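# A look at the structure
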Number of protein chains: 2
Amino acid sequence: MITQRSGPKVRATTGKEKCAYTLEEVIVKTVQDGMTLFFHHHFREGDYVFNAVMRLIIDLGYKNLALAPSSLTNVMNDIVVEAIEKGVVTQITSSGMRGKLGEAVSHGALQNPIVLRSHGGRARAIETGEIKIDVAFLGVPNSDEMGNANGMVGASACGALGYALMDAQYAQTVVLVTDHLVPYPNMPASIKQTQVDYVVKIAAVGDPDKIGSGATRFTSDPKELKIAKTVNQVLTNSPYFKDGFSFQTGTGGAALAVSRFLRQSMIDQHIKASFALGGITSAMVDLLKEGLVGKLMDVQDFDRGAAQSMHENENQQEIDASWYADPANKGAMVDQLDIVILSALEIDTAFNVNVMTGSDGVIRGAIGGHQDAATANLTIIAAPLVRGRLATIVPRVTTVITPGDTIDVVVTEVGIAINPRRSDLLDSLTQIPDFPIFTIQELQAKAAAKIGIPEPITFTDKVVAFVEYRDGTLIDVINQVKE
Amino acid sequence: MITQRSGPKVRATTGKEKCAYTLEEVIVKTVQDGMTLFFHHHFREGDYVFNAVMRLIIDLGYKNLALAPSSLTNVMNDIVVEAIEKGVVTQITSSGMRGKLGEAVSHGALQNPIVLRSHGGRARAIETGEIKIDVAFLGVPNSDEMGNANGMVGASACGALGYALMDAQYAQTVVLVTDHLVPYPNMPASIKQTQVDYVVKIAAVGDPDKIGSGATRFTSDPKELKIAKTVNQVLTNSPYFKDGFSFQTGTGGAALAVSRFLRQSMIDQHIKASFALGGITSAMVDLLKEGLVGKLMDVQDFDRGAAQSMHENENQQEIDASWYADPANKGAMVDQLDIVILSALEIDTAFNVNVMTGSDGVIRGAIGGHQDAATANLTIIAAPLVRGRLATIVPRVTTVITPGDTIDVVVTEVGIAINPRRSDLLDSLTQIPDFPIFTIQELQAKAAAKIGIPEPITFTDKVVAFVEYRDGTLIDVINQVKE
């Protein structure tokens, strides 16, 4: 595949006036009806910038804007719903959405279907020019007056700015919003002055207590612990667990627990990892500090500990979303990944995974790096067989987000299923004494036996979301749910 | 000025075969007749890569290629002349050239005029797509098998790769040539795997003893010392010499001597610089270590000490050529520069500067960052009144490289001249007791009085070189010299 990279139109300046305007003045100077606006979600549930910009955008009476953020967190929901209701926002592309906004979109609030892309897919679409690029409003924990900025230092430090780096490089107009102006020249410059048109100072860009998910506790849930232990058995008994291996884990109880079990296995078997990839947690930073992992390749940070350690550890390396996961570039880091552990809302008997729609058909998730990291040599889905009265292993997922042929092993608390195309893994894992290996159909039957077959969800004919695979092809659509 | 940035065509790969080929195989796979090839000159007179690639290119029988290196050093002369004679190379754009190659071009060896650009102008021309981009062969002192590379570590460490970073970002095909393959993932990645198509290992990419110019001695030439001391008087008595000022100096005896005088003035007057910019020398690194300079913004390193210190000093920051000096971006570092000290082959009474053609009209120089840095708040040209039997201050420069309206002060061993448009500087500098201030016409008359008026150089009508100003406009042409 050969793709032509796009490039922004660049307005030359010596930069003397970059810092001379208020946020409202900059919006008036740069935003026009019909434009596409970029934001990042590195401040996660502690983000103040999105709301500050969107409040002004709505109050200034703009119409027919498109939003193309790296993702939408819950703290952004209310104002996006308001913007949709007022006709300010008429198109959205995002990694995902939840809560009130997901409900609104799933019930047909938008005329145009939203487009859901993975982090790697968004990078690809930006680079190829598929996402039309107008103005990026990028919150940063520090910047100088010319726009040299990073995420590592300041009261609102969020660590890596991996998704925002794409916007900074490709947006026509880049507006940095910061609460911490530092002397020129500010280093390291994750975002460079050559990419920035305006720098605006506001009182606070984020609530540091909510930037981190805080999910650093070690789970005591016996089901999560059992899943984590089994995941660790799968990966340590796979041919990929050898010195110099690489891995990615997510956040949440089971994934963090895997880190602990994996740590002990690495110590016991004298095996070290060359790198860990993706969203980084404090648990990964601990492995780096212990010397069990050589490098952390960090596209975003999931907790305050991980965010704050980046500045102190030269081996915790910030990478942009293209480098992380773009399938159309000259080699993304996910292509070098041995082992990944991912979550799921649903997995079906063809190993397809849904991380987007709930059992009621409503959008309440995000693709994140799921499609991207699933291209690893060994992709493990860790999920409970059932959640409450809902089956996780189902005959057919409500929405296909990550295709089954990229999934190798599904781990539940009752046992695992191996994708039939991975007979090599079956050979390895059957060596483990008393290891509960089932077919995926058997796991699905166990789930059904527990909670019965649910009523099918009913949808209207109206498509509310296109789901892209990371290469830009359409992998599924989501329809409006029936009232 | 608004410009559309170009982007390369990118061939997607997961990278498994990047390292599978010899240099010859890669050339055959990537180079076709008529293409434009990129090289960098960071290894300076110690470069082995240019010759290795060009030897194969010539022997493989390619025709009608264009060369677009960041500059051409003397070690590249012989093979370029051979390539021109054999019709392998028919077009060249460069910052400059010297010796046998400059002689050949000035005597009409090429059908097409060469194009001479400053480092900032080259960055601009690459970014806008004016320079057609095919294959970049970039020597690097280290790389992993995917192409993550930097200039800081290895037997051939050259420090910053500022010019090569442009080629890596914009070339259609990027070939790294290294003598030091390191484990994946290699960090810091000045050049990233996402930019690299092939990685080729050869025995040695450079001779470390010749990478540095070695020009780190403190001059004992009384004329150079006098010029340096006078330059220091000019700059320390200017309104720009205050805490937080910024500066750029070149290499060579007088410039290094300025660093020493400046250091003492900074200590005496308790003044510290925020940053120093440009090609970096060990003398600048010493100022950084002493705390007299806050940051070194480093686009290339002029000696081994400067090259090797980058990895150890986080405040010695690598910048690319666009960030350094592109006039069409959102604010280059030269736009933030207070004081710059530059050299000259000739200065005329309109303050125009020639750093390209000798008194015989032959090309023997390089623009480098001369045009770019001359946009500083205070631009000082340091040059002797005469060199041997040749006047430096002349009625009309042989070739205009840097326009007189960007030059503020000319300093010679007999006195200084201030550009009349800078009456503010005249006011400041006349305060210095017994300070020898002349008009530029008076300096020119002094030079003429010493050595007489030389015979005019005779040229043919054939243009052998276009000289671009940094913004892409034509500032002068160079004609073929008469035999």
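Residues numbered from 1 in each chain as written. Chains lettered and ligands numbered in written order. Predicted model: local features only at pLDDT ≥ 70, side-chain atom pairs only at ≥ 80, totals over all residues. Heavy atoms only, no water.

### Quick word on the overall build of chain A
A tally of regular secondary structure across chain A gives 15 helices and 29 strands. Its C-alpha radius of gyration of 22 Å places chain A within 12% of the 23 Å reference for a compact globule of 483 residues. Judged by the C-alpha coordinates and their principal axes, chain A covers about 70 × 55 × 45 Å. Within the span of chain A, comprising 483 residues, buried residues form 64% of the whole. Considering only contacts within chain A whose residues lie at least 6 apart along the sequence, 73% involve residues at least 24 apart. Across chain A, the mean location of the 42 positive side-chain charges is 0 Å away from that of the 54 negative side-chain charges. (Helix = DSSP H or I, 4+ residues; strand = E, 2+ residues; numbered from the N terminus. Rg over C-alpha atoms; globule rule 2.2 N^0.38 Å. Buried < 20%, exposed > 50% of the residue type's maximum accessible area, 1.4 Å probe, protein only. Contact = heavy atoms within 4.5 Å. Lys, Arg positive; Asp, Glu negative; His and termini not counted. Charge placed at Lys NZ, Arg CZ, Asp CG, Glu CD.)

### What to know about the sheet that holds strand S25 (residues 409-411) of chain B
Residues and elements named next belong to chain B. Strand order in the open sheet made by the nine strands is S16-S15-S14-S13-S17-S21-S25-S26-S27, with mixed pairing throughout. Each edge of the open sheet carries a strand with a single partner, namely strand S16 (316-318) and strand S27 (437-438). One ladder, built from seven bridges, connects strand S14 (residues 273-280) with strand S15 (residues 293-301); its direction is parallel. In the sheet register, Ala273 faces S15, and the bridge partner there is Val293. The sheet contacts of helix H9 (residues 253-269) involve strand S13 (245-249), S14 and strand S17 (339-342), and relative to S13 the element is tilted by about 165°. (Pairing = 2+ DSSP bridges. Axes fitted to C-alpha atoms, helices over the stretch in contact; angles between N-to-C directions.)

### A few points about the packing of helix H1 (residues 23-30) of chain A against helix H2 (residues 49-59) of chain A
All names here are of chain A. Running from amino to carboxyl end, H1 crosses H2 at an angle of 60°, the nearest separation of the two axes being 10 Å. By the angle between their axes, H1 is oblique relative to H2. In the crossing of H1 with H2, the sense of the turn from one axis to the other is right-handed. Only Ala52, Val53, Leu56 and Ile57 of H2 make contact with H1, whose side of the interface consists of Leu23, Glu24 and Ile27. Here the contact of H1 with H2 is built from residues that sort into six nonpolar, no polar and one charged. (Parallel < 35°, antiparallel > 145°, perpendicular 65-115°, else oblique. Left-handed = near helix turned anticlockwise from the far one by under 90°. Nonpolar A, V, L, I, M, F, W, Y, C, P; charged D, E, K, R; others polar.)

### Comments concerning the interface of chain A and chain B
Counting residues at the interface gives 51 residues for chain A, matched by 51 residues for chain B. Buried surface at the junction of chain A and chain B, both sides included, amounts to about 4,100 Å², of which 55% is carbon and sulfur. The three residues of chain A that bury the most area against chain B are Val10, Trp323 and Lys330 of chain A, which together make up 21% of that side's buried surface. Applying the counting rule to chain A against chain B returns two salt bridges. Where chain A touches chain B, the interface holds 29 residue pairs in polar contact (both at pLDDT 80 or more). Of all the secondary-structure elements, those providing two or more residues to the side of chain A that touches chain B are strand S1 (2-4), strand S2 (9-11), strand S11 (173-178), strand S14 (273-280), strand S15 (293-301) and helix H12 (321-325) of chain A. Here the residues of the side of chain A that touches chain B are counted per class, giving 21 nonpolar, 19 polar and eleven charged. Pairing of S2 of chain A with strand S1 (residues 2-4) of chain B, which is carried by three bridges, proceeds in the antiparallel orientation. Directly across from Lys9 of chain A, in S1 of chain B, lies its bridge partner Gln4 of chain B. (Buried area = accessible area lost by both parts, 1.4 Å probe. Salt bridge = Lys/Arg side-chain N within 4 Å of Asp/Glu carboxyl O. Polar contact = N/O pair within 3.5 Å; in protein donor to acceptor, adjacent residues only side chain to side chain.)

### Topic: the side chain of Arg5 of chain B
Relative to the helices and strands, Arg5 of chain B is located in the loop between S1 and strand S2 (9-11). Judged by its relative accessible area of 11%, Arg5 of chain B is buried. Residues within four places of Arg5 of chain B in sequence aside, it is in contact with Gly7, Pro8 and Val10 of chain A together with Glu127, Tyr170, Asp326, Ala328 and Asn329 of chain B.

### Some words on the relation of the copies chain A and chain B
By a simple turn and slide, chain A fits onto chain B: the slide is 0.0 Å along the axis, the RMSD is 0.0 Å, and the turn is 180°. Here the symmetry operator amounts to a two-fold rotation axis. When each C-alpha of chain A is compared by its distance to the rotation axis, Gly7 of chain A comes out closest, at 2.8 Å. Mapped onto chain B, 100% of the interface residues of chain A are again interface residues, and the two copies thus contact each other with one and the same surface. (Least-squares fit on C-alpha atoms with pLDDT ≥ 70 in both.)

### Observations concerning helix H5 (residues 119-128) of chain A
Of all ten residues making up H5 of chain A, nine are buried, and the element is well covered by its neighbours. The complete set of buried residues in H5 of chain A reads His119, Gly120, Gly121, Arg122, Ala123, Arg124, Ala125, Ile126 and Glu127 of chain A.

### Focus: the domain arrangement of chain A
Residues and elements named next belong to chain A. Each domain of chain A was delimited in the assignment, giving domain 1 (23-210) and domain 2 (222-456). Spacing between the C-alpha centres of domain 1 and domain 2 amounts to 29 Å. Both faces considered, domain 1 and domain 2 share a buried interface measuring about 2,700 Å² in area, 58% of it formed by carbon and sulfur atoms. Connecting domain 1 to domain 2 are two salt bridges. When the shortest N-O distance is used, the salt bridge between Arg304 and Asp209 registers 2.3 Å. Remark: the boundary between domain 1 and domain 2 carries 15 residue pairs in polar contact (both at pLDDT 80 or more). Contributions of two or more residues to the side of domain 1 that touches domain 2 are made by strand S6 (96-97), helix H4 (99-106), strand S7 (114-116), H5, helix H6 (164-170) and helix H7 (208-211). (Domains from an automatic or database assignment.)

### Here we look at the environment of Asp471 of chain A
Residue and element names in this part refer to chain A. Topologically, Asp471 is positioned in the loop between strand S28 (459-468) and strand S29 (474-481). A relative accessible area of 32% places Asp471 in the partly exposed class. Sequence separation of Asp471 and Ala328 is 143 residues, and the distance between their C-alpha atoms is 7.2 Å. Dropping the residues within four chain positions of it, Asp471 is found in contact with Arg124 and Pro327. At 2.7 Å, the side chain of Asp471 and the side chain of Thr473 are in polar contact.

### Focus: helix H15 (residues 440-451) of chain B
Residue and element names in this part refer to chain B. Compared with an ideal rise of 1.5 Å per residue, which puts twelve residues at 16 Å, H15 spans 17 Å between its outermost C-alpha atoms and is within 8% of the ideal. By the burial criterion, the buried members of H15 are Ile440, Leu443, Gln444, Ala447, Ala448 and Ile451. Seen end-on, H15 carries its buried residues on one side only, within an arc spanning 140°. A positive phi of about 80° marks Gly452, the residue just after H15. (Expected span 1.5 Å × (residues − 1). Arc of directions from axis to C-beta.)

### What to know about the sheet that holds strand S27 (residues 437-438) of chain A
All names here are of chain A. The strand order S16-S15-S14-S13-S17-S21-S25-S26-S27 describes an open sheet built from nine strands, whose pairing is mixed. Since the sheet does not close on itself, it has two edges, and those belong to strand S16 (316-318) and S27, each with one partner. Sheet analysis places strand S13 (residues 245-249) next to S14, joined by three bridges and oriented parallel. In the strand pairing of S14, Ser246 is matched with Phe275. Against the sheet, helix H10 (residues 282-289) contacts S13, S14, S15 and S16, and its axis sits at roughly 155° relative to S15.

### Comments concerning the side chain of Glu346 of chain A
Residues and elements named next belong to chain A. By secondary structure assignment, the location of Glu346 is in strand S18 (residues 346-348). Buried and unpaired, Glu346 has no salt bridge, with Arg396 as the nearest side chain of opposite charge at 8.0 Å. A polar atom in the side chain of Glu346 sits 2.7 Å from the backbone nitrogen of Thr398. Ignoring anything within four residues of it in the chain, the contact list for Glu346 reads Asn352, Val353, Asn354, Thr392, Val394, Val397, Thr398 and Thr399.

### Considering unusual backbone geometry
That bond from Tyr184 of chain A to Pro185 of chain A is cis: its omega, -10°, falls within 30 degrees of zero. Mapped onto the elements, Pro185 of chain A comes out in the loop between S11 and strand S12 (198-201). A positive phi angle, near 50°, is found at Arg44 of chain B, a position not held by glycine. On the secondary structure map, Arg44 of chain B appears in the loop between strand S3 (36-38) and helix H2 (49-59). A residue is classified by how much of its surface remains accessible, and Arg44 of chain B, at 19% relative accessible area, is buried.

### Re the packing of aromatic side chains
Residues and elements named next belong to chain A. Across all of its chains, the model carries twelve aromatic pairs over all chains by this definition. Relative to Phe137, the ring of Phe39 has its centre 5.9 Å away and its plane inclined at 20°; by these criteria the two rings are stacked. Residue Phe39 is located in the loop between strand S3 (36-38) and H2, and its partner Phe137 is located in strand S8 (residues 135-140); the two are separated by 98 residues in the primary sequence. Exposure remark for Phe39: the relative accessible area of 1% places this residue in the buried category. Note on Phe137: relative accessible area 1%, which makes it buried. Put simply, the rings of Phe39, Phe50 and Phe137 touch in pairs and so form one group of aromatic residues. Positioned above the aromatic ring of Tyr21, the side-chain terminus of Lys29 is 4.3 Å from the ring centre. We note Arg122 situated over the ring of Phe38; from NZ or CZ to the ring centre the distance is 5.0 Å. (Phe/Tyr/Trp six-rings, centres within 6.5 Å; stacked < 30°, edge-to-face > 60°. Lys NZ or Arg CZ within 6 Å of the ring centre and 35° of its normal.)

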